Amino acid sequence: MSTEEKNNQNTSVTEELTEENISEQRRIRREKLKKLQEAGRNPFLVERWDVNAYSQDIKDTFEEMDGKEVSIAGRMLAKRGMGKASFIDIQDYKGRIQCHVKKDVLGDEEYSWFKTYDIGDIFGVIGKVFMTQRGEITVEVSKLVLLSKSLQVLPNKWQGLKDTDVRYRQRYVDLIMNQDVKAMFIKRAAIIKEMKRVLEEDFGYLEVDTPILTTIAGGANARPFETHHNTLDLDMKLRISNELYLKRLIVGGLDRVYEMGKMFRNEGMDRNHNPEFTSMECYMAYENMEKTMEVTEQLVYQSAMKINGTPVLEYQGKQFDITPPWRRLNMADAVKEITGVDFAVIDTDEEARKAAIGYGMDEDEIRGMTRGKLIAEMFEEYCEDVPGYLDGPVFVVGHPVEISPLSKRDPEDPRITRRFEAYINGWEIANAFSELNDPIDQFERFSVQQAQLDSGEDDEAHPMDMDFVNALEVGLPPTGGLGVGIDRVIMLITNAPSIRDIILFPTMKPLDMAKKRDRKEIDLSKVKVEPLFADMVDFDMFSKSDFRAVKIKECYAVPKSKKLLQFTLNDGSGEDRTILSGIHPWYEPEELVGKTAVAITNLPPRQMMGVESNGMLCSMVYKYEGEEMLDFIMLDDKIPAGAKLY
């Protein structure tokens, strides 16, 4: 806030913006526009304005700029009238600067028009730079031209734009009202620029482009988005990875290639996942996994140094020193360290299943799993979420062949591959390997994955890609490949709490989109409910169940699950509670945030998809016309969190 603004707050404070007065102000603004147009002053006919200076540059070089004429342009965000003169604040690309508008300089007619202009209007300004008696660097306006009329009403400047849902949906307003948001995306651009510099200048990679639309969504294990090409009458998919195309280029003799761009995965959404995200993949002929470790370290380290000037990442109260070299951790060793199950002395699938069941894994869920698959499952379920265990930075190595269909086998132990995943803050930020270049082995692994896909055993298994197998038969040299989740790295470097904070336009459910099912009145004659339980329950035992009202603070779809939603709840205890519930077929996360629900809070914790669920949220289930239906129990919002069911 400028000095003059502080001394004139009584003329600046905006009344609370209600729907009624917003509508009225919008009507008035349209009337003002009509008057401008009738007077031959239509701002929307203006095509350009010569800009030769920016706000922050003027302030930074005031001694040089003092007394010089500048031409600036930007949006008016404050207006303080004082008789025959006014102060306004103009916000441009680099910040805000105060401007002094005087009636005797502009003239009576121009000043009269100026008094009708609104907060949010965009101007071109010409004037000389000076400093006021109170020390405020200011432009003394000699010419002011309305370049665009704002017909909408910006949020109250004292309260700002704080609703995160509105901020993400209307990023254009967010960027206007929150300068730290603009700074965040300028940092994002700088990080991407530095990463490209490291790849090209330090390691000699060539940037290339590969298809986004493809008939086979390969290179990763994930569900793709599907579309249709009308002219070819061909079903197509949006890419989930660009790996297989980039390796084809290595076959063709482009020895070092990379691509940074959008990938698309039709999976859950949460603070770390957006269905449309930015990934970088790079491939280096005649190199291996160890070299890609070096590339990974330098990408993150040099980007952090460029933006923050320090190798110590400060993220949400934690610190991570990313100075190379990073620690290495074998996946089977991690499982042994956390669970005590030692796969080094387990040779058969049967022994592995027995050990896993003995530790507590569900017998039905792991039926048919191999030793390698169980190592990966136990790592994911029991190691990944141990607080601080994978804060890193750390390279997890020793991935089983069963979960690594594109990586080279380890010559010392063919049951595992020459692969690593890089973790910081418990997040996987990179995945890399010494690339599998044996076409026979690749075909056999694809065949196993395709069989799992066809049988429905794993709907994220890798499909067969015979053209890629053919490329390997032509000959792929020894190659080191790397994929980096750019968005997660940017989150860590910029201390952003959610992936939505570093994506300009994150995926959002449209406000007018119908809910998953219309909960209109139903025909009760078509409802079928389960018979009431005949067995009596001991009253003392039942009374031990602790039913509480809970407020839903956050709700996310669990990645790789079609049913589970993950809730962060206020249960009245002062500490957040996490509960997973399989109601995603009936409800979207966005429609539940802020609601009051019922939870049983004293059930033993359960591991679900690698997340500890502490309790159970209550719903009502029944069948309607033969289809299972579910209604999530929601209470009056006036009921406080922690209120006990009596």
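Residues numbered from 1 in each chain as written. Predicted model: local features only at pLDDT ≥ 70, side-chain atom pairs only at ≥ 80, totals over all residues. Heavy atoms only, no water.

Novice: What's the story with the overall build of the protein in this structure? I'm lost.
Specialist: Counting its secondary structure elements, the protein contains 19 helices and 31 strands. A principal-axis box enclosing the C-alpha atoms of the protein has dimensions of 90 × 70 × 55 Å. Scored against the burial criterion, the 646 residues of the protein give a buried share of 47%. Partitioning the intrachain contacts of the protein with sequence separation of at least 6 by distance along the chain shows that 65% fall at a separation of at least 24. Within the structure as shown, the protein displays about 33200 Å² of accessible surface, and the carbon and sulfur contribution to it stands at 50%. Side-chain charges of the protein comprise 85 positive and 113 negative groups, with the mean position of each set lying 7 Å from the other. (Helix = DSSP H or I, 4+ residues; strand = E, 2+ residues; numbered from the N terminus. Buried < 20%, exposed > 50% of the residue type's maximum accessible area, 1.4 Å probe, protein only. Contact = heavy atoms within 4.5 Å. Areas by Shrake-Rupley, 256 points an atom, 1.4 Å probe, with all protein chains shown as cover. Lys, Arg positive; Asp, Glu negative; His and termini not counted. Charge placed at Lys NZ, Arg CZ, Asp CG, Glu CD.)

Novice: How do you make sense of helix α10 (residues 243-251) when you look at a structure like this?
Specialist: One full turn of an α-helix is made of 3.6 residues, so residues set three or four places apart face in the same direction. Within the span of α10, buried status applies to E243, L244, L246, K247, R248 and I250. As for α10, its buried residues are in contact with β10 (256-264), β11 (276-285), β19 (427-434), α17 (466-475) and β20 (479-485).

Novice: Whenever I open this one, the pattern of salt bridges confuses me. Can you help?
Specialist: Applying the stated criterion across every chain yields a total of 40 salt bridges. With a closest N to O distance of 2.8 Å, K32 and D118 form a salt bridge. Note that K32 is positioned in helix α2 (residues 19-38) and D118 in the loop between α6 (108-114) and β4 (122-131), a separation of 86 residues in sequence. Where K94 meets D57, a salt bridge forms, and the shortest distance between an N and an O atom there is 2.9 Å. Here K94 is found in the loop between β2 (85-92) and β3 (95-102), whereas its partner D57 is found in helix α3 (residues 55-60), with 37 residues between them in sequence. (Salt bridge = Lys/Arg side-chain N within 4 Å of Asp/Glu carboxyl O.)

Novice: Would you explain the side chain of E588 in this entry?
Specialist: Looking at where E588 falls in the secondary structure, it is placed in the loop between β24 (576-581) and β25 (596-600). For E588, a relative accessible area of 18% puts it in the buried group. Only 3.3 Å separates the side chain of E588 from the side chain of H584, close enough to count as a polar contact. (Polar contact = N/O pair within 3.5 Å; in protein donor to acceptor, adjacent residues only side chain to side chain.)

Novice: I would appreciate a short explanation of the sheet that holds β20 in the present structure.
Specialist: Pairing between sheet strands relies on hydrogen bonds along the backbone, with the strands arranged either parallel or antiparallel. With mixed pairing, the eight strands of this open sheet are ordered in space as β6-β10-β11-β20-β19-β18-β15-β14. Two strands close off the open sheet at either side, each with one partner strand: β6 (206-207) and β14 (327-330). The pairing of β19 with β20 spans five bridges and is antiparallel. Considered in β20, the bridge of N431 is made with G483. Relative to the sheet, helix α9 (residues 179-202) contacts β6, β10 and β11, its axis offset from that of β10 by approximately 150°. Docked against the sheet, α10 engages β10, β11, β19 and β20, running at close to 25° with respect to β11. (Pairing = 2+ DSSP bridges. Axes fitted to C-alpha atoms, helices over the stretch in contact; angles between N-to-C directions.)

Novice: Even after reading the chapter, I still don't get the nonpolar core, so can you show me in this structure?
Specialist: Note that soluble globular proteins tend to have their nonpolar side chains buried in a common cluster. By size, the foremost hydrophobic cluster in this structure holds 45 residues, and its most contacted members are M280, V295, L299, F420, I429 and L482. With near-sequence residues (within four places) excluded, F420 lies in contact with M289, T292, M293, T296, F395, V396, V397, H399, A430, N431, A432 and L482. Core analysis: the next-biggest nonpolar cluster, separate from the first, contains 26 residues, A53, I72, C99 and V129 among them. (Core = buried A, V, L, I, M, F, W, Y, C linked by side-chain atoms within 4.5 Å.)

Novice: Help me understand a nonpolar patch on the surface in this model?
Specialist: Residues V51, Y54, Y93 and I186 make up a contiguous nonpolar surface patch of roughly 370 Å² in combined accessible area. Judged by relative accessible area, V51 falls into the partly exposed class, the value being 38%. (Patch = residues over 30% accessible without salt bridge, like charges linked within 9 Å, V, L, I, M, F, W, Y side chains within 5 Å.)

Novice: What's the story with the environment of L151 in this structure? I'm lost.
Specialist: The topology assignment puts L151 in the loop between β5 (137-148) and α7 (164-169). What L151 contacts, discounting residues up to four positions off in sequence, is R26, R29, R30 and L33.

Novice: Sorry if this is basic, but what is going on with the layout of surface pockets here?
Specialist: Rolling a probe over the atoms, with the probe sized like a water molecule, indicates the empty space that remains. Of the volumes computed, that of the second largest pocket is approximately 1200 Å³. Around the second largest pocket sit 41 residues that line it, and M269, R500, C555, P589 and E590 are the ones nearest its centre. Among the elements of the structure, α7 and β22 (547-557) are those that each provide at least two residues to the lining of the second largest pocket. Of the residues contributing to the lining of the second largest pocket, the split by class is 16 nonpolar, seven polar and 18 charged. (1 Å grid on protein atoms, 1.4 Å probe; cavity = no way out; pocket = protein on both sides within 12 Å on 5 of 7 lines; lining within 4 Å. Points joined across faces, edges and corners; volume = space filled by probe spheres on them. Nonpolar A, V, L, I, M, F, W, Y, C, P; charged D, E, K, R; others polar.)

Novice: Please clarify how the confidence of the model for the protein should be interpreted in this entry.
Specialist: Caution is warranted with low-pLDDT regions, since their predicted coordinates should not be read in detail. For the protein, per-residue confidence averages 90 on the pLDDT scale, and 94% of positions sit at 70 or higher. Across the protein, β6 holds the top mean pLDDT of 98, while helix α1 (residues 3-6) sits lowest at 42. Segment residues 1-15 is flagged for pLDDT under 50; beyond a separation of four residues in sequence, or across chains, it makes 32 contacts in the model. (pLDDT = per-residue confidence, 0-100.)

Novice: Teacher, can you tell me more about the environment of D89 here?
Specialist: Relative to the elements of secondary structure, D89 occurs in strand β2. Given the relative accessible area of 6%, D89 is considered buried. Sequence separation between D89 and V145 is 56 residues; the distance between their C-alpha atoms is 15 Å. Within polar-contact distance, the side chain of D89 engages the side chain of R96 at 3.2 Å.

Novice: What exactly am I supposed to notice about the environment of F123 here?
Specialist: Within the element layout of this structure, F123 appears in strand β4. F123 gets classed as buried once you look at its relative accessible area, which sits at 0%. Residues in contact with F123, not counting those within four places in the same chain, are I72, A73, G74, M76, I90, Y117, L144, V145, L146 and L147.

Novice: Before we go on, may I ask you to explain the sheet that holds strand β21 (residues 527-528) in this structure?
Specialist: Taking strand neighbours across the sheet as the criterion, the three strands line up as β21-β29-β30 in an open arrangement whose pairing is antiparallel. Either end of the sheet is taken by a strand with one partner, and the two such strands are β21 and β30 (627-632).

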